[in-house]
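The chain contents come next:
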Amino acid sequence: MTFMGKHRFAGSHTEKTILKLSWEGEFFGVGLFEELARMYPEHANEMTACATMEWFNTHYCEPFAHDAGIHVTLEEAEKLGREGAALARHYRTFEKIAKATVEETKEVDPLFKQLGKGAGTPELKTLGEDLLAHENAMRDWMRSELDGKSDGAAKVFAYLERHGISRQDAVTPREDREDSAGDKQQLVLAFFDSEDAADQAAKALKGWEKATEYMKLDAIGVLVKDKDGKVKQHKLGRKAGKRGMGAGVALGLIAAIPTGGVSLLGGVLGGGAAGGIIGEFFHKGLKMTDEDVARIGRELDAGHAAVGVLTWDDETEAVAAKLKDQGGTPQTHEVAKVTAQGQ
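Remember, predicted model here, so these are calculated numbers, not experimental data.

Rules of the game
Residues numbered from 1 in each chain as written. Predicted model: local features only at pLDDT ≥ 70, side-chain atom pairs only at ≥ 80, totals over all residues. Heavy atoms only, no water. Helix = DSSP H or I, 4+ residues; strand = E, 2+ residues; numbered from the N terminus. Buried < 20%, exposed > 50% of the residue type's maximum accessible area, 1.4 Å probe, protein only. Areas by Shrake-Rupley, 256 points an atom, 1.4 Å probe, with all protein chains shown as cover. Axes fitted to C-alpha atoms, helices over the stretch in contact; angles between N-to-C directions. Parallel < 35°, antiparallel > 145°, perpendicular 65-115°, else oblique. Left-handed = near helix turned anticlockwise from the far one by under 90°. Nonpolar A, V, L, I, M, F, W, Y, C, P; charged D, E, K, R; others polar. pLDDT = per-residue confidence, 0-100. Contact = heavy atoms within 4.5 Å. Salt bridge = Lys/Arg side-chain N within 4 Å of Asp/Glu carboxyl O. Expected span 1.5 Å × (residues − 1). Bend = angle between axes of the 7 residues up to and from the residue. Pairing = 2+ DSSP bridges. Phe/Tyr/Trp six-rings, centres within 6.5 Å; stacked < 30°, edge-to-face > 60°.

A short note on the overall build of the protein chain
Looking only at helices and strands, one finds 14 helices and five strands in the protein chain. Here the protein chain holds 343 residues, and 51% of them are scored as buried. With an accessible surface of roughly 16000 Å², the protein chain has 51% of that area assigned to carbon and sulfur atoms.

Listed below in structure tokens is the structure:
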């Protein structure tokens, strides 16, 4: 039984039920297409791109679902993925699964049209339109294969490109995606009213990273001034990324801003090699304007606390949205590709 048949999409649905079915359907689709990529190596790139699109949509749907009071646990998401993989194996041939996909995606179109048409916000309207577009992209590719005139999943790759995912990333299997990461490392810095609020946001981000599975953040740090006016930091998660700067170094540089960099000499980074890293970061690494520096100083002076997260560019948008959802005001700064050891 397909996901569509299982959930009986026909009939009327509320916005909340459409969001729930949409989000769950994307997890199901991830398992389906990842298994199909393994079963049909001649179509592995296109199937993996479809899985990447489904995976992207899981976290695209997530904030809208949460706003509607909908939650999917890690166990539920994994179960849906297993059901998708089982369906792939059930059909046994590419032709059968392609025909089923063509028919099933047509059934869901009215729901996404309803979601977009009845949306109360421009963002939700765009989500409905994008979900409709992604179903059409998969259907058109499958139909072209059945007709013997493959379009190479052109619309699938166009959808991903429109959302900032390159072709190379699109065809990289999910289990390999952490190693490939994005092309640019970025620091997402979000300020909160208090250290407690920042700590809670950081913990929520770590929980979200674990529960949603598609995020593998290098490190998360919290930055605040103590009662003596000294900037302090503490970190959650891994100390450094595989291919870039760890959060400890980046936040150490941020911590130095209110002192004009003097605190770096006191051992925030330490070691002779750190001197070269500092110079590179100050001149071309963090890419902060004078106004950025002044704003950070004002925020810390006002007793606010920052959550800093090192991301790759294919993760940044989702991380910033999550921090905003937690009540923060995020800004993003590109950082240099410099590998730091011994953090």
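Okay, back to it.
Description of the packing of helix α2 (residues 15-39) against helix α3 (residues 44-67)
As a packed pair, α2 and α3 sit with axes 8 Å apart at the nearest point and diverge in direction by 160 degrees. In this view, α2 runs roughly antiparallel relative to α3, as classed from their interaxial angle. The two elements α2 and α3 cross, and the hand of that crossing is left-handed. For the contact of α2 with α3, the residue count by class is 16 nonpolar, six polar and four charged.

Looking at the confidence of the model for the protein chain
Interpretation of the predicted coordinates at a detailed level should be avoided for regions scoring low in pLDDT. On average, residues of the protein chain carry a pLDDT of 78, and 73% of them reach 70 or more. Overall, residues 237-247 carries pLDDT values under 50, and its contacts beyond four positions in sequence, including any with other chains, amount to 46 contacts. Contacts of residues 258-284 to residues separated by more than four positions or lying in other chains number 35 contacts, the stretch itself having pLDDT below 50.

Considerations on the pattern of salt bridges
Tallied over the entire structure, the rule returns 13 salt bridges. Taking the shortest distance from any N to any O, the salt bridge between aspartate 109 and arginine 139 comes out at 2.9 Å. One end of the pair, aspartate 109, is in helix α5 (residues 94-117); the other, arginine 139, is in helix α6 (residues 122-146), with 30 residues separating them in the sequence. Residue aspartate 109 shares its accessibility class with arginine 139, and that shared class is buried. Among the ionic pairs, aspartate 130 bridges to arginine 162, the shortest N-O distance being 3.0 Å. Of this pair, aspartate 130 sits in helix α6 while arginine 162 sits in helix α7 (residues 154-162), and the two are 32 residues apart along the sequence.

Describing the packing of α2 against helix α4 (residues 74-91)
At a minimum axis separation of 7 Å, α2 and α4 run at an interaxial angle of 45 degrees. Judged by the angle between their axes, α2 and α4 are oblique. Considering the relative orientation of α2 and α4, their crossing is right-handed. Contact with α2, carried on its side by Glu24, Phe27, Phe28, Gly31, Leu32, Glu35, Leu36 and Met39, involves Ala77, Leu80, Gly81, Glu83, Gly84, Ala85, Leu87, Ala88 and Arg89 of α4 and no other residues of that element. For the contact of α2 with α4, the class distribution of residues is ten nonpolar, three polar and four charged.

A few points about α5
For α5, which comprises 24 residues, the first-to-last C-alpha distance of 34 Å matches the rise-based estimate of 34 Å (1.5 Å per residue) to within 8%. Along α5, the helix axis deviates most sharply at valine 108, where the bend reaches about 30 degrees; the proline proline 110 sits within four residues downstream.

Concerning the pairing of strand β4 (residues 305-312)
Most of β4 sits inside the fold, with eight of its eight residues counted as buried. Here β4 shows two buried faces, one formed by Ala305, Val307, Val309 and Thr311 and the other by Ala306, Gly308, Leu310 and Trp312. In this structure, strand β1 (residues 185-192) lies alongside β4, joined through eight bridges in antiparallel fashion. Note that in β4 the partner of glutamine 185 across the bridge is tryptophan 312.

Topic: the side chain of histidine 43
Within the secondary structure, histidine 43 is located in the loop between α2 and α3. Histidine 43 has contacts with Phe94, Trp141 and Glu145, leaving out every residue within four places of it along the chain.

What to know about the packing of aromatic side chains
To describe a pair of aromatic rings, one takes the distance between the centres and the angle between the planes. Tallied over the entire structure, the rule returns seven aromatic pairs. Taken together, a centroid distance of 6.2 Å and an interplanar angle of 80 degrees make the contact between phenylalanine 27 and tryptophan 55 edge-to-face. Taken as a pair, phenylalanine 27 in helix α2 and tryptophan 55 in helix α3 lie far apart in primary sequence, 28 residues in all. An identical accessibility class is assigned to phenylalanine 27 and tryptophan 55; each is buried. Where phenylalanine 56 meets tyrosine 60, the ring centres are 5.5 Å apart and the plane angle is 55 degrees; that geometry is what we call tilted. One end of the pair, phenylalanine 56, and the other, tyrosine 60, are both in helix α3, four residues apart, so they sit about a helical turn from each other.

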